[in-house]
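Structural characterization, general
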Amino acid sequence: MKSRILGVFKMRGGGFLAAGLIIVITIILLSLLADVITPYSPIKRVGDSFIPPSWEHPFGTNKLGMDMFARIVYGGRTVLSVVILATILSMSIGTALGLISGYVGGKLDRGLSFIMDSIYVFPSLILAIAITAVLGPNIINAIIAIGIIYIPTYFRMVRGQTLQIKASLFIEAARSIGADSLRIMVKYILPNLLPTILVVFSMNAADAILTEAGLAFLGYSVPPPTPDWGFELQVGVNYILSGYWWLIFFPGLMVTLLAMGFALIGEGLTDILNPREVT
Amino acid sequence: MGKLANYLVVRSLLAIPTILVLVTLVFILMRLTGDPIAAMVGMKAPPEVIAELRHKAGLDLPIHEQYIRYITGVFTGDLGKTLLYDRPVIKDILDHFPATLELTIYSFIISVLIGVFTGTVAAINQGKFEDVLMRFYGIFTYAIFIPWFGLLLQMVFGNWLGIIPIGGRLSAYISPPPFITGLYTIDSLLTGRLDAFFDALRHLIGPSFTLGIVLSGSYTRIVRANLVDILSQDFITAARARGLRDSLVIKHALKNALIPVITLMGLEFAILLTGAVLTETTFSWNGLGSYLVDMIRNSDYIAVQGTVVFFAIFVSIISVIVDALYAIIDPRIRY
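Predicted model only: the values in this text are computed from it and were never measured. (Residues numbered from 1 in each chain as written. Chains lettered and ligands numbered in written order. Predicted model: local features only at pLDDT ≥ 70, side-chain atom pairs only at ≥ 80, totals over all residues. Heavy atoms only, no water.)

Description of the packing of helix H12 (residues 259–282) of chain B against helix H13 (residues 288–297) of chain B
Residues and elements named next belong to chain B. Put simply, the test is: Axis definition: a line fitted to C-alpha atoms, over the contacting stretch in the case of helices. Angles run 0 to 180 degrees between N-to-C directions. Secondary structure elements are defined from DSSP: runs of H or I of at least 4 residues count as helices, runs of E of at least 2 residues count as strands, and each element is numbered from the N terminus. In what follows, roughly perpendicular refers to angles from 65 to 115 degrees, roughly parallel to angles under 35, roughly antiparallel to angles over 145, and oblique to any angle outside these ranges. We call two residues contacting when some pair of their heavy atoms lies within 4.5 Å. Under the scheme applied, nonpolar residues are Ala, Val, Leu, Ile, Met, Phe, Trp, Tyr, Cys and Pro; charged residues are Asp, Glu, Lys and Arg; polar residues are all the others, including Gly.
Axis separation between H12 and H13 bottoms out at 7 Å; the angle between their running directions is 80 degrees. As far as their axial angle goes, H13 and H12 are roughly perpendicular. Of the residues in H13, those touching H12 at Val277, Glu280 and Thr281 are Leu288, Gly289, Ser290 and Val293. Class assignment for the residues of the contact of H12 with H13 results in three nonpolar, three polar and one charged.

Things to note about the packing of aromatic side chains
Operational definition: Pairing of aromatic rings covers Phe, Tyr and Trp, the last counted by its six-membered ring, and requires centre-to-centre distances within 6.5 Å; plane angles under 30 degrees mean stacked, over 60 mean edge-to-face, and any other angle means tilted. Remark: exposure states derive from per-residue accessible area (1.4 Å probe, protein chains only) relative to the maximum for the residue type, with buried under 20%, exposed over 50%, and partly exposed in between. Whether a charge sits over a ring depends on NZ of Lys or CZ of Arg being within 6 Å of the ring centre and within 35 degrees of the ring normal.
On inspection of all chains with the given rule, the structure shows 20 aromatic pairs over all chains. Ring plane angle 85 degrees and centroid distance 6.4 Å describe the contact between Phe217 of chain A and Phe145 of chain B, whose orientation is recorded as edge-to-face. One end of the pair, Phe217 of chain A, is in helix H10 (residues 181–217); the other, Phe145 of chain B, is in the loop between helix H6 (129–143) and helix H7 (146–160), on a second chain. Here the two residues Phe217 of chain A and Phe145 of chain B agree in accessibility, since each one is buried. Through a chain of ring-to-ring contacts, the aromatic side chains of Phe50, Phe59, Phe69, Tyr239, Tyr244, Trp245, Trp246, Phe249 and Phe250 of chain A together with Trp148 of chain B assemble into a single cluster. Directly above the aromatic system of Tyr120 of chain A lies the positively charged group of Arg156 of chain A, at a separation of 3.9 Å from the ring centroid.

Quick look at the side chain of Ser202 of chain A
Its location among the elements puts Ser202 of chain A in helix H10. Apart from residues no more than four positions distant in its own chain, Ser202 of chain A is found in contact with Phe262, Ala263, Ile265, Gly266 and Leu269 of chain A.

Let's talk about the interface of chain B and chain A
So the rule is basically this: When two parts are put together, the accessible area they lose, computed with a 1.4 Å probe and summed over both, is reported as buried area. A side-chain nitrogen of Lys or Arg and a carboxyl oxygen of Asp or Glu constitute a salt bridge if their distance falls within 4 Å. As used in this structure description, the phrase polar contact means that two N or O atoms lie within 3.5 Å; if the pair is within protein, one of them must be able to donate a hydrogen and the other to accept it, and residues adjacent in sequence are counted only when both atoms belong to side chains.
Between chain B and chain A, the residue contacts involve 46 residues of the former and 48 residues of the latter. Interface of chain B and chain A: buried area, both sides summed, is about 4400 Å²; carbon and sulfur atoms make up 78% of it. Counting across the chain B and chain A interface gives three salt bridges. The partner of Glu267 of chain A in a salt bridge is Arg221 of chain B, with the nearest N and O atoms 3.0 Å apart. Counting across the interface, chain B meets chain A through 10 residue pairs in polar contact (both at pLDDT 80 or more). Among the elements of the structure, helix H1 (2–30), H6, H7, helix H9 (194–231), H12, H13 and helix H14 (301–329) of chain B are those that each provide at least two residues to the side of chain B that touches chain A. Tallied by class, residues from the side of chain B that touches chain A come to 34 nonpolar, eight polar and four charged.

As for the domain arrangement of chain B
Residues and elements named next belong to chain B. Spelled out, the test is: Source of the domain bounds: an automatic or database domain assignment.
Looking at chain B, the domain boundaries give domain 1 (1–84 + 301–335) and domain 2 (89–297). Computed from C-alpha atoms alone, the centre-to-centre distance between domain 1 and domain 2 is 28 Å. Summed over both partners, the interface of domain 1 with domain 2 comes to about 1900 Å²; 88% of that surface belongs to carbon and sulfur atoms. It is Phe310, Phe311 and Tyr326 that lose the most area in domain 1 upon contact with domain 2, and together they represent 28% of the buried surface on that side. Across the domain 1-domain 2 interface, the total number found is zero salt bridges. Inspection of the domain 1/domain 2 interface yields one residue pair in polar contact (both at pLDDT 80 or more). Class assignment of the residues belonging to the side of domain 1 that touches domain 2 gives a composition of 14 nonpolar, five polar and two charged.

Quick look at a nonpolar patch on the surface
All names here are of chain A. Let me state the cut-off plainly: Two distance rules govern patches: like charges are joined within 9 Å, and nonpolar side chains (Val, Leu, Ile, Met, Phe, Trp, Tyr) within 5 Å, applied only to residues with over 30% relative accessible area and no salt bridge. What sets the accessible areas is the Shrake-Rupley method with a 1.4 Å probe; for residues, cover comes only from the shown protein chains.
Together, Ile25, Leu29, Leu32, Leu33, Val36 and Ile37 make up a nonpolar patch on the protein surface, roughly 560 Å² of accessible area in all. Looking at the nonpolar patch, the elements with two or more residues in it are helix H2 (14–32) and helix H3 (34–37). If one sorts the elements of the nonpolar patch by residue count, H2 sits on top with three residues. Here Leu29 is to be found in helix H2.

A look at the packing of helix H5 (residues 89–124) of chain B against H14 of chain B
Packed helices, taken two at a time, are described by the angle their axes make and the gap between the axes. All names here are of chain B. Threshold: Working rule for handedness: look at the near helix, and if it is turned counterclockwise from the far one by less than a right angle, call the crossing left-handed; if clockwise, right-handed.
One way to put it is that H5 packs onto H14 with a least axis distance of 10 Å and a crossing angle of 50 degrees. With respect to H14, the element H5 is oriented oblique. As H5 packs across H14, the resulting crossing turns out to be right-handed. Along its contact with H5, which presents Val89, Ile93, Phe97 and Leu101, the element H14 presents Ile302, Ala303, Gly306, Thr307, Phe310 and Phe314.

What about the pattern of salt bridges?
Counted under the stated rule, the structure contains 13 salt bridges over all chains. Linking Arg77 of chain A and Asp35 of chain A is a salt bridge whose minimum nitrogen-to-oxygen distance equals 2.6 Å. Pair noted here: Arg77 of chain A is in helix H4 (residues 68–104) and Asp35 of chain A is in helix H3, with a separation of 42 residues, a long-range link. A salt bridge links Glu232 of chain A to Arg71 of chain A, with the nearest nitrogen and oxygen atoms 2.8 Å apart. Residue Glu232 of chain A is located in helix H11 (residues 229–236), and its partner Arg71 of chain A is located in helix H4; the two are separated by 161 residues in the primary sequence. In this structure Arg71 of chain A comes out as buried when scored by relative accessible area, which is 4%. If you follow the salt bridges from partner to partner, you end up with Glu267 and Asp271 of chain A together with Arg135 and Arg221 of chain B in one network.

This is the structure in structure tokens:
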């Protein structure tokens, strides 16, 4: 069993998967264990302002003398919770609607697909900004906004797959022994969708991270002083000319690394789950 | 010819329901909170002021009349007046749009050039180190956080090396060229203002490379995938067998591999606009993205609604153009 699990990483794409998992798990652990890793509070002055990176403050300090490393590891909690809750929201709604739409078909399917396609072609961040602007900028609304804009991503994939699976023999068999629609959808179709959902999820998590950071950068996520990577970067804008590079470099690097971690997982999973596509 | 014209007409008509759905969604969204005016002026404002503003924005009408007025407005180009400055929203939008257009055009060219180059390198070195490297490049650029990358460019090339300006569209000591298209690089060339042309170009380097590099990864992937596919087809083998030089064979294959790139352009366009909002904010680029962000800060919901509607229509029009291009290039796609 153990060798079978390890074998996954030796397949084509396994390298990407392993690299992605290492990045994502490291960042998750850093944020979960923030209290253990850093002795500093993320929202209190711990030294002079603008200390460059040193042993004591590996990512330096900001204008208010807060330790940037502490702000970043604690900020990971904000980013991760927004992104995880938002993707769960879009995944569950998108999957449910896609499954029903694809299975039921007809007018409902055409109508839903049309609405979903319309949202899908729209620039996601602009929609997210509009939603948070209307609902008010706070963490719950950021989750709702990001959750809504990515519903079509899951919907389209799940609907397409459902159409394919619906036509297969085992579904007909299930129907002939008297299984009702709900049972067929949940028991027979849904499990077959899981690999696709997994791939869409990891690519989508990367998008969601970038969108969350974008919202925070524009000031529509958590209110200060709660640490959040995108927001740190917005503050950093003021210090381009002063040369306080650590206020810009580290927060943005974390956003990019985390997004890249998920994108690598998605890329690896795609290779592993669709070996035929690879040439 | 008749068939192509038919297709184009049908495709253009199909854009109308899409626009209608998006515009309706924006309408519903903007009314979710109930009273945007109260949110804007705050609770302390005297009731007469609120009533006056509500009347001006048409918010005292029944909801279905508001909707009809709004939809007629959208299709006649009347997006209302900004709450704050009482200017027509459409005028503000058309003032800011050329800056966004100029930025997106340059970024687009950069992303396609880099994408085609890196994708070709990956495909002809399939399975080798270069291939893995380019694949990694695709994933990395996909994950780049635009403000981070933009600020790093500003810091390194703007502040430390002093090669590019930190932000803005034009230096303060250069007067903007006369308005023709609103695109500085084009207007300055048309009026022979070389000083403004080179200055505008220098200001474009930072933002357009930021956005261009971030978007190039998707082109890398699709060019690689198509080229790999085409290089294994019979007509390429035949060309090789006839002794065609390698560079010619690749040119041959590349021409065919670029057709799907056009489809990607349509899909990428939404991402391009999303990226433009962040790039504009990062580089103090006075385009539509910056305008939207400013208006949200002012809680000017009429301006926000108008700008979002404009983006929706713009995206729909672009997708029609992309489909038309595709139909012209590839004769198989016609009804």
